[in-house]
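# Structural overview
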Amino acid sequence: MPSPWILPIFPLLLALTAATRGFVPYKELTCSEPIDIFSDGEPIPDNTLKIDYSLKDWDSHAAGHYYENLTFPEAGISGDDDKETGTQFIYWRVEEPDPSCQFIMMKDTQFGWQVVSKLPGTEILRVGQEGCYYTPVTAHDTLITSFCCGQDDCAVAEVEIESSRPKDVVTSGEAPACTVKSTEASPTIQDGQQIAITRPQTCEAAPACTHSIQLSTTVTTAVAHFNSYTWTSEMGAEVSFESGVDFLGDEQKIGSTFSSSVAQSWMNETGSTYTQGNISAATEGNRQMPGTVAFYSFVPHYECWKADLDCGKDSNGNEVVLERISFCQPRLSSTGEADGIFRMVYISG
């Protein structure tokens, strides 16, 4: 029996697979000069990066189709005569997605992604209509193709739209205090959620195609968990802890939510403190290609520990244990700014 969430998108998945839709590379903006594409030195069939797995295919295909060690011998080069190191110009012909669906291209990440982020790589292209779209690539990149359908499923990919935080609710009583029961000794390095740091803009012609970060964006301590919990404490408090990632935000808010209470229990145990890093204001972003719509983004890096938390007993006297809760701290540079990578994201507008 397939998982329940597979059923609603199954007809869409069949339609996408049957049509063998994909990203087809071209040399220029009109998509009239096709170029060859190779993976590990072998030509890719039909020169097409297939779009046949969705962002929801976590368990079976890690949320996308992975194409490793890609090379484009005929693609144009930017700023370097050496095709092994220079950024190459690629335009992708894309067919019309099914209604409410979007096609997505990402660059693979060297870090983990299933704790703080639900994207398996950094998004570089997302389109909801047929067209010819630009992305910069580098020889030997690993690219990931994927798709999403519907507002709820596509929310994780629409990084320029602020997503809602998971709900943690305590009613009719005081939130139970939790203590760290067991924890991993060493952290893992994880990609955080990709953040849009400029608004999408249309680039008509150079040189007016740069992005400047006008406002400082803050990256903060986070609590991530993939199970939802609901219980009544011994003192009668109704507690609901919804799965997701909660970025704690302003330090003054610490203690105002159950997530922050969970984070505080970790900080008490380890002697760590609330951490935030800024993405520098007034930083000029990379140049946007003329004839495109794009926004500039940032992917922060985190150090994450997993722990089990003992939250006392419920109203029936049973021990309440929250398992494998992740406590994540943003990595900071020597100047105190958030560590991570910047990326231009091209969209269909």
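Placed above this text is the structure.
Residues numbered from 1 in each chain as written. Predicted model: local features only at pLDDT ≥ 70, side-chain atom pairs only at ≥ 80, totals over all residues. Heavy atoms only, no water.

## Things to note about a negative patch on the surface
For clarity, the threshold we go by: Surface patches are drawn from residues lacking salt bridges whose relative accessible area is over 30%; two like charges belong together within 9 Å, two nonpolar side chains (Val, Leu, Ile, Met, Phe, Trp, Tyr) within 5 Å. Calculation of accessible area relied on Shrake-Rupley with a 1.4 Å probe; when residues are assessed, cover is drawn exclusively from the protein chains displayed. Put simply, a salt bridge is a Lys or Arg side-chain nitrogen that is within 4 Å of an Asp or Glu carboxyl oxygen. Positive charges are assigned to Lys and Arg, negative charges to Asp and Glu, while His and the chain termini are left out of the count. Here the site of a charge means atom NZ of a Lys, CZ of an Arg, CG of an Asp or CD of a Glu. Per the convention used, a helix needs a DSSP run of H or I reaching at least four residues, while a strand needs a run of E reaching at least two, with both numbered from the N terminus. With a 1.4 Å probe rolled over the protein chains alone, any residue whose accessible area is under 20% of its type maximum counts as buried; one over 50% counts as exposed, and the rest are partly exposed.
The grouping of Asp40, Glu42, Glu68 and Asp108 at the surface amounts to a negative patch. Here Asp40 lies in the loop between strand E2 (38-39) and strand E3 (42-43). Owing to a relative accessible area of 49%, Asp40 belongs among the partly exposed residues under this scheme.

## Examining the state of the cysteines
What counts, and what does not: The criterion for a disulfide is a pair of cysteine sulfur atoms lying within 2.5 Å.
A full pass over the atoms with the stated rule returns 6 disulfides. Paired through a disulfide, Cys101 and Cys149 show a sulfur-sulfur distance of 2.0 Å. Disulfide Cys101-Cys149: the torsion about the S-S bond is 105°, which places it as right-handed. With Cys101 in strand E8 (residues 101-108) and Cys149 in strand E11 (residues 141-149), this residue pair connects regions lying 48 residues apart in the sequence. Relative accessible area serves as the criterion here: at 3%, Cys101 is assigned to the buried category. Exposure remark for Cys149: the relative accessible area of 9% places this residue in the buried category. Here Cys203 is linked by a disulfide to Cys209, with a sulfur-sulfur distance of 1.6 Å. In this structure, the disulfide formed by Cys203 and Cys209 twists by about 75° around the S-S bond and is classed as right-handed. Overall, Cys203 belongs to the buried group, its relative accessible area being 1%. Residue classification places Cys209 among the buried positions, given a relative accessible area of 1%. Counting its disulfide-bonded cysteines in sequence order, the chain shows a connectivity of 1-3, 2-5, 4-6, 7-11, 8-9, 10-12.

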